[in-house]
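One-letter residues, chain by chain:
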Amino acid sequence: MADPRQASGSGALETCCLERILEALKLLLSPGGSGSSSLQITKHDVLLATLKSNLSAVEDKLLKDPHWKTLKLLRDEIANKAEWPQNSVDVTWSFTSQILLWLLCLKETMIHLAADFNPGKSNPRTPEAAPALSPDTLSISQQKTVQSVLQFVVTLGVCPYLMPGVGVPLRYRTEFGAVVQDVVCLDAAPDATRRLYTSCRVLLNVAQHASLGSLIFCRHFGDIAAGLCQLGFCPTKRKPLKPEEEVLTEEERALSREALRDILNQIYQPLAVRELLTLQGGPPQACTDVKTQVRSQAPAWLRRLCGQLLSERLMRPSGVQAVVRGILEGAGAGAAGGHDAEATAADWKKCDLIAKILASCPQQSLSPEDYYRDICPQILDLFHFQDKLTARQFQRVATTTFITMSRERPQLAAKYLLQPMLAPLHRCLNTAEIPESDMVPGTILVTEEELSRCIEDVFKVYVVGNEPSAVLVDSLLPVLGVLFSLYCFTRQSVSHIRSLCEEILLWILGKLERKKAIASLKGFAGLDKSMPSLHSLCHFRAATQGGVMVTIKEPICDEDEDEALYQKVSSEQWQVEHLGDLLSLCQECGLAGDFFIFCLKELTHVAEENEAEFKMEPFSSKSLLELAQHHTLLVEGQEQKLLVLQLVAVLCERMSEQIFTNIAQVVDFVAATLQRACASLAHQAESTVESQTLSMSMGLVAVMLGGAVQLKSTDFAVLKQLLPLLEKVSNTYPDPVIQELAVDLRITISTHGAFSTEAVSVAAQSTLNKNDPEGKTEGQRQTSHERSTGVSRSHLEQQQSHEKSNQTGLKSNTPLIPQEVSEPNATTNQKSRNITTEQLQEVLLSAYDPQIPTRAAALRTLSRWIEQREAEALEMQEKLLKIFLENLEHEDTFVYLSAIQAVAPTTPPTPCLYHVLYRGCGETQMGWHGETYCLVGGCRAYGDAPVATPAKVEAEKPVPRRGLKRPRAVAEPDEDLGCPKTKIRRLQHGGRRQTLWKLAG
């Protein structure tokens, strides 16, 4: 093929005008005399006639118009140098050949116009003046003309000669394409392959000009690439007998292959990827209808070639981005994606396809490791695009690719993907070796950008990807300590990575096996020192952009040891507090409950430890080093104990009542409580707290067995784990109530609920009332209301009866106190147990014990015996009331609150009498007990039998006339309490008690 640049030596280009060439091209494309308004709707004969007419019109113009003489010389010179046959019986090829000649003329003219252009220097004082425009620049209308010409060249000179399966068939593109496919004569000379070769080579020659090349490749790259693939790589069916029988020489085929690789390297890579994917085609079409079948399957050689070329695109620099853009931009993504891009973002199938492409090692790569080494950095870069729309597309693809690679080749993914991503966190671990050059105080070990990018990438891969594969989970375990420390630091200030750290920690704790999750929480709390954590020389610092950076600490001076100790203690306390906040978000999955049970078991181990183990041996038998080591172990052990206690306290404060999510957790909690109680008994260290906790835990079991939870056979299998512990409690615990309850619970569990004693039901009801004193069911409220209404109605009837009796002079034997209230409950009598006098005397002595817990426990025990109607306690009720009143003056809250709770059940339940306990000149607290309205706060009772007043209170008691400063407190109506207003006259001073008849009258 001749180089048209050689024709420029004649000087014809010096006088040739660009407008003349474009006018000739317009004349070739004019509709002519077809009588139709558009060439796209012409039929076969009309199309052929129009092509012949336009060719004749251009030739006439060249011969007759003197202004076109120079243009004719240029066209003839280029035609003489051309090496392809320009005339043919087939009109379509003759027309295509002429268009190719005119395109070469246009290219040469534009090159020489640009070469002769010498713009003058622009005046810097006039910045509004635009620079001179190059004379080879095409206007918008001229570009449209050139695009139409290129469309004709591709439609007439390339597409009709492609093999089936190579590119999109012409007849399925437009109606005009179907007409062209029918009028092209493939049997006429030159051969179809030669025509295709000529068209592709001339178009590539014209494309060497930048302006024309952009017009050609923008719309017609796919067809040209398809033609070059067929020319250079299509296998021949048989070897020709003679060289002259060859359509293309081997040199021409090699030139076609080289030209294909050149344009693939020069073109916009996403466009190249998209067109190669189109050429490669999809699976065979299942539909056999000609109208719906768009194309046939691509040949095997073309599919292999396109796969190889796509792999080469992928292996180039920024090849991953090119492949991703080529697939997503073709589906509407990218800067101009609009709503189509949103739809693509939700198309996980497309993302999975790209991930599989990127995760598959191509044949061109030497080994999978080499491929991963080159590709993985590009995949990590997909996370860091700033454009929001593009970033959303790329991040989804990157996340899916990340997971696919981790699943298919976990070792390579861990080495080339996970380690680089987690490198900023590994750099500040206590197991990492910090270079000496970075040991200078104040040195930034991890910048704000690195740490923020690392946390964001981890969030996208782990939380958004949500694929708990082994390699992903195992790779994150070593840096969990640093992540938790970073989370604690961000909780102390405002940071955009706080929520990301929290989501990552919640995700990994939820995906880990329960044992590993508990072990991680132990490391967070400081119970497991073997867990990697933040380096002792490193600390977090707030950065300027709202992020965090890691720097080297300043050395600690001797004067700052106290400050360092304070920082250490406060930091540990903050970590425990934040751990409690984190666990409060893990209650639904059951992790918080399991960790709470673990802490309770650790608390049991603390109780079981023998203090003799920490006693030091004689100093003579140990060296100073051994003594120091022993002292260190002793201090660490004490720290562990305090930490366990602090953890239990924080968890009790942070967790809600939904901490236990299944029966197994409740059973484990009860088992831990029973074990701790048994351990306390073994060490003779029983306390009130242990007793109350034991009662509460056994009450939980009673609630479950009482029908609050629908138990299955599997649940009873879990409950049977408590049988040995309940047996031990029933045999060793000193409290007979707890002993009996333990025996009854064992019987109920062993019989799977077939037999249940009343003690179990009472314990269950008591536990429910303590947990929700106001939360009665609707039936309970109705029953209580009916009972109070009945009592009030009976009381009114009795009052009316007394009034009528007084008026008629008759005496009534009807008691004022209702029978329902005055008689003890049958259930209460059944609960009554015989306590010995020795037990009562022992508890009475404990009520005067100087130890606050012992005294409060004794008061609560005496109050419980009164409620249970114990005979020995009821005989000493007046004395017990005196003890309770004396303890109202105690300075400790635990003691006087216990006394307050004990006073109410001690006073007689008389609804018509008000017991007023006052201190000084005012009332301090009110409490409702049974049918008695008490004002609690003093030590003397009015309206009941006078009680001995302690000397101290008697001395501080005000004068009698001020003893009742607010009389309305006694006479105040109590309609809101469910009782009618009672007529009670003012009580006289002096302690004398009015008779019931006088009060009623």
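Calculation notes
Residues numbered from 1 in each chain as written. Predicted model: local features only at pLDDT ≥ 70, side-chain atom pairs only at ≥ 80, totals over all residues. Heavy atoms only, no water. Helix = DSSP H or I, 4+ residues; strand = E, 2+ residues; numbered from the N terminus. Buried < 20%, exposed > 50% of the residue type's maximum accessible area, 1.4 Å probe, protein only. Contact = heavy atoms within 4.5 Å. Areas by Shrake-Rupley, 256 points an atom, 1.4 Å probe, with all protein chains shown as cover. Pairing = 2+ DSSP bridges. Axes fitted to C-alpha atoms, helices over the stretch in contact; angles between N-to-C directions. Phe/Tyr/Trp six-rings, centres within 6.5 Å; stacked < 30°, edge-to-face > 60°. Left-handed = near helix turned anticlockwise from the far one by under 90°. Nonpolar A, V, L, I, M, F, W, Y, C, P; charged D, E, K, R; others polar. Patch = residues over 30% accessible without salt bridge, like charges linked within 9 Å, V, L, I, M, F, W, Y side chains within 5 Å. Salt bridge = Lys/Arg side-chain N within 4 Å of Asp/Glu carboxyl O. Core = buried A, V, L, I, M, F, W, Y, C linked by side-chain atoms within 4.5 Å. Disulfide = S-S within 2.5 Å. Expected span 1.5 Å × (residues − 1). Arc of directions from axis to C-beta. pLDDT = per-residue confidence, 0-100.

1. Let's talk about the overall build of the protein chain
In terms of helices and strands, the protein chain carries 43 helices and 7 strands. Here the protein chain, with 1001 residues, has 43% of them falling under the buried criterion. Sequence-distant contacts in the protein chain: of pairs separated by 6 or more residues, those separated by 24 or more amount to 71%. If you sum the accessible surface of the protein chain, you get close to 52900 Å²; carbon and sulfur atoms cover 52% of it.

2. Some details on the environment of Gly753
With respect to the helices and strands, the residue Gly753 is situated in the loop between α31 (736-750) and α32 (758-771). When the C-alpha atoms of Gly753 and Gly706 are compared, they prove to be 8.4 Å apart, with 47 residues separating the residues in sequence.

3. Re the sheet that holds strand β1 (residues 444-446)
Backbone hydrogen bonds hold the strands of a sheet together, and the pairing may be parallel or antiparallel. Here we have 3 strands laid out as an open sheet, ordered β1-β3-β2, and antiparallel in their pairing. Single-partner strands in this sheet number two, and they are β1 and β2 (538-542). Pairs of neighbouring strands in the sheet enclose a mean axial angle of 45 degrees, with direction left out of account. Note that β2 and strand β3 (residues 548-552) share 5 bridges and pair antiparallel.

4. A closer look at the packing of aromatic side chains
Per the counting criterion, the structure on display carries 14 aromatic pairs. Ring geometry for Phe385 against Phe394: centres 4.6 Å apart, planes inclined by 85 degrees, an arrangement best described as edge-to-face. Under the relative-accessibility criterion, Phe385 is labelled partly exposed at 21%. Taken together, a centroid distance of 5.2 Å and an interplanar angle of 40 degrees make the contact between Phe660 and Phe669 tilted. Judged by its relative accessible area of 7%, Phe669 is buried. Here the aromatic cluster, defined as three or more aromatic residues joined through ring pairs, consists of Phe95, Phe152 and Phe176.

5. Overview of the packing of helix α15 (residues 368-381) against helix α16 (residues 388-408)
At a minimum axis distance of 10 Å, the contact between α15 and α16 shows a crossing angle of 145 degrees. In the crossing of α15 with α16, the sense of the turn from one axis to the other is left-handed. Each of Tyr372, Ile375, Cys376, Ile379 and Leu380 in α15 lies in contact with α16, whose residues at this interface are Ala398, Thr401, Phe402 and Met405. Partitioned by chemical class, the residues of the contact of α15 with α16 number 8 nonpolar, 1 polar and no charged.

6. Examining a nonpolar patch on the surface
Side chains of Val743, Ile747 and Phe755 sit close together on the surface and give an oily, nonpolar patch of about 230 Å² of accessible area. The topology assignment puts Phe755 in the loop between α31 and α32.

7. Brief notes about the pairing of β3
For β3, the buried fraction is high: 5 of the 5 residues fall into the buried class. Side chains of β3 alternate between two faces, with Val548, Val550 and Ile552 and Met549 and Thr551 buried alike. Where β1 lies against β3, 2 bridges are found, and the strand directions are antiparallel. Among the inter-strand pairings, Ile444 is bridged to a residue of β3, identified as Thr551.

8. Quick word on the pattern of salt bridges
Pairing of side chains with opposite charge becomes possible as their charged atoms draw close. A complete count under the given rule lists 24 salt bridges for this structure. A salt bridge links Asp65 to Lys61; the shortest N-O distance between them is 3.4 Å. By relative accessible area, Asp65 is classed as buried at 17%. Put simply, Glu250 and Arg257 hold a salt bridge, and the shortest N to O gap is 3.3 Å.

9. Structural notes on the environment of Asn205
Relative to the helices and strands, Asn205 resides in helix α7 (residues 192-206). For Asn205, a relative accessible area of 10% gives the class buried. In this structure the C-alpha to C-alpha distance between Asn205 and Lys107, which are 98 residues apart in sequence, comes to 8.8 Å.

10. Points about the nonpolar core
In this structure, Trp102, Tyr462, Leu476 and Phe595 are the most contacted members of the largest nonpolar core, which totals 226 residues. No other element matches the 12 residues that helix α4 (residues 91-115) contributes to this core. Not counting residues up to four positions away in its chain, the partners in contact with Phe595 are Ile518, Leu521, Lys522, Leu579, Leu583, Leu647 and Leu651. Counting 23 residues, the second-largest nonpolar core is a separate cluster that includes Val843, Leu862, Ala899 and Val903.

11. Details of the environment of Val648
Structurally, Val648 can be placed in helix α26 (residues 624-654). Residue contacts for Val648: discarding those within four places in its chain leaves Phe596, Cys599, Leu600 and Leu603.

12. What to know about unusual backbone geometry
Cis rather than trans, the peptide bond between Ala189 and Pro190 has omega equal to -5 degrees. Within the secondary structure, Pro190 is located in the loop between α6 (175-183) and α7. Despite not being glycine, Ser318 has its phi angle at roughly 60 degrees, a positive value. By the element assignment, Ser318 lies in the loop between α11 (300-315) and α12 (319-330). The exposure class of Ser318 is partly exposed, given its relative accessible area of 45%.

13. Considering the side chain of Ser97
Within the secondary structure, Ser97 sits in helix α4. Apart from residues lying up to four places away in sequence, Ser97 is in contact with Trp84, Pro85 and Gln86.

14. So, the state of the cysteines
Taken as a whole, this structure holds 0 disulfides when the rule is applied. Note on Cys586: no disulfide assigned, nearest cysteine sulfur contributed by Cys589 at a separation of 5.0 Å.

15. Considerations on helix α1 (residues 18-29)
For α1, with 12 residues, the first-to-last C-alpha span of 17 Å sits near the 16 Å given by 1.5 Å per residue. Regarding α1, the residues found buried are Leu18, Ile21, Leu22, Ala24, Leu25, Leu28 and Leu29. Seen along its axis, α1 keeps its buried residues to an arc of 155 degrees; they face one direction. Where α1 is buried, its residues touch α2 (44-64), α3 (69-81), α4 and α5 (140-157).

16. Some points on the confidence of the model for the protein chain
Of all residues in the protein chain, 73% attain a pLDDT of 70 or more, and the chain-wide mean is 75. Contacts for the low-pLDDT stretch residues 1-15, under 50 throughout, to residues beyond four places or in other chains number 27 contacts. Scored below 50 in pLDDT, residues 332-338 shows 10 contacts in the model against residues more than four places distant or in partner chains.

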